[in-house]
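Descriptive analysis of the structure
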Amino acid sequence: MLSVIRALNGKVLKFGGDALLIGFYGRCAEAELTARECAVQLLNSTKHFGNIKTVAGATRISIKIIIETGEWLEALLGDDRRTEIFITGSIFNRVFKAEESAASDCIILNGKRAQGLDRKQTPKLIKGESKPVRSSLQKFLPQGVLDFIRMNAAGEYRVVTVLFVQITGYDPDMPNLVNLQSFFRDLISITEKYRGSVNKIDISRDGSKVLVLFGAPISHERSAEYGVLAGLEILGVCPKGLELRLGLSGGYVYAGIVGNDFAKEYTVIGDTLSLI
């Protein structure tokens, strides 16, 4: 899937355990056509995974693809300790609304199910090359991930505590970036105090959410305790104009790097993340 996205000059904006957020830039009409072609190829790519045998029985991979055309805002939040891209815009409200009613293995284009999307000529794929992580890019990695990479560590199953910080109360099209920047820096300080790792800022239905991990990739025996203490302190630094909701969950997850040389990230995958 990532090879298709790269070949069509898409940009992976957010890369989660079960979802990709892809941006296509340029004039709206041209970007939409490219997004449509990408959607068709991605849908076709899942046909190779129609019958996967697992210890729990046979299963299949299905996807639903939502395409919306419009503008959004991208900004960098954080400092030299941890920097993360913040994405917002009312366009994503339309994406979430369409996703709620979308069926599996279909494409929703600007709120309506797309019909008759013909597959065009397959573009030439571009081969990527692995490059070493430069020190100037370290701030874009969650705390502890650089050591994980240097050890050539593989993914693993481990017990972690996951802290979700839901941020609402701001205008998605004109957010107060000064407020958000101040809060995110405070969140970084509290996370590092309790040996956690700021995994990502993601988009949610009501605003944004920050995913903070305790126990991966930084190992320690007090992940649950540190998660609770960090959450309580984070609630105390909420600036005026923002609203916070926090959720905590703990259990076994798969923790490791997913993706390829075009786009990859350290993430955690498992039912523990679905409990909040």
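Calculation notes
Residues numbered from 1 in each chain as written. Predicted model: local features only at pLDDT ≥ 70, side-chain atom pairs only at ≥ 80, totals over all residues. Heavy atoms only, no water. Helix = DSSP H or I, 4+ residues; strand = E, 2+ residues; numbered from the N terminus. Buried < 20%, exposed > 50% of the residue type's maximum accessible area, 1.4 Å probe, protein only. Contact = heavy atoms within 4.5 Å. Areas by Shrake-Rupley, 256 points an atom, 1.4 Å probe, with all protein chains shown as cover. Salt bridge = Lys/Arg side-chain N within 4 Å of Asp/Glu carboxyl O. Pairing = 2+ DSSP bridges. Axes fitted to C-alpha atoms, helices over the stretch in contact; angles between N-to-C directions. Patch = residues over 30% accessible without salt bridge, like charges linked within 9 Å, V, L, I, M, F, W, Y side chains within 5 Å.

Of regular secondary structure, the protein chain possesses six helices and 14 strands. In the protein chain, which comprises 276 residues, the share counted as buried stands at 43%. Taking contacts inside the protein chain between residues at least 6 apart in sequence as the whole, the part at least 24 apart equals 68%. In the form shown here, the protein chain has an accessible surface area of approximately 15500 Å², with 51% of it arising from carbon and sulfur atoms.

Time to look at the environment of Pro-175. By secondary structure assignment, the location of Pro-175 is in the loop between strand 10 (156-168) and helix 5 (177-193). Judged by relative accessible area, which is 12%, Pro-175 ranks as buried. Through-space distance from the C-alpha of Pro-175 to that of Thr-88 is 8.2 Å; in sequence the pair is 87 residues apart. The residues contacting Pro-175, other than those within four sequence positions of it, are Leu-73, Phe-86, Thr-88, Tyr-170 and Leu-180.

Counted by the stated rule, this structure contains 12 salt bridges. Residue Arg-205 is joined to Glu-100 by a salt bridge in which the shortest nitrogen-to-oxygen separation is 3.3 Å. Of this pair, Arg-205 sits in the loop between strand 11 (197-203) and strand 12 (208-214) while Glu-100 sits in helix 3 (residues 91-101), and the two are 105 residues apart along the sequence. The residue Glu-225 makes a salt bridge to Arg-222 at a minimum N-O spacing of 2.8 Å. With relative accessibility at 38%, the residue Glu-225 sits in the partly exposed group. The partly exposed category is assigned to Arg-222, whose relative accessible area is 41%. Each member of the salt-bridge network shares a partner with another, and the members are Lys-14, Arg-82 and Glu-84.

Moving on: the sheet that holds strand 12. One open sheet holds the five strands; their spatial order is 11-12-10-13-14, and the pairing between them is antiparallel. Lying at the two open borders of the sheet, with one neighbouring strand each, are strand 11 and strand 14 (264-269). Here the strands of the sheet are splayed against their neighbours by 40° on average, with no regard to which way each runs. Note that strand 13 (residues 243-259) and strand 14 share six bridges and pair antiparallel. Bridge pairing in strand 14 places Val-258 opposite Glu-265. Sitting on the sheet, helix 6 (residues 223-235) touches strand 10, strand 12 and strand 13, and the angle it makes with strand 10 is about 10°.

The subject of this paragraph is a nonpolar patch on the surface. A cluster of nonpolar side chains, namely Val-228, Leu-229, Leu-232, Leu-235, Leu-246 and Leu-248, defines an oily patch on the protein surface of about 470 Å² accessible area. A per-element tally of the nonpolar patch places helix 6 first, with four residues. For Leu-248, the position within the fold is in strand 13.

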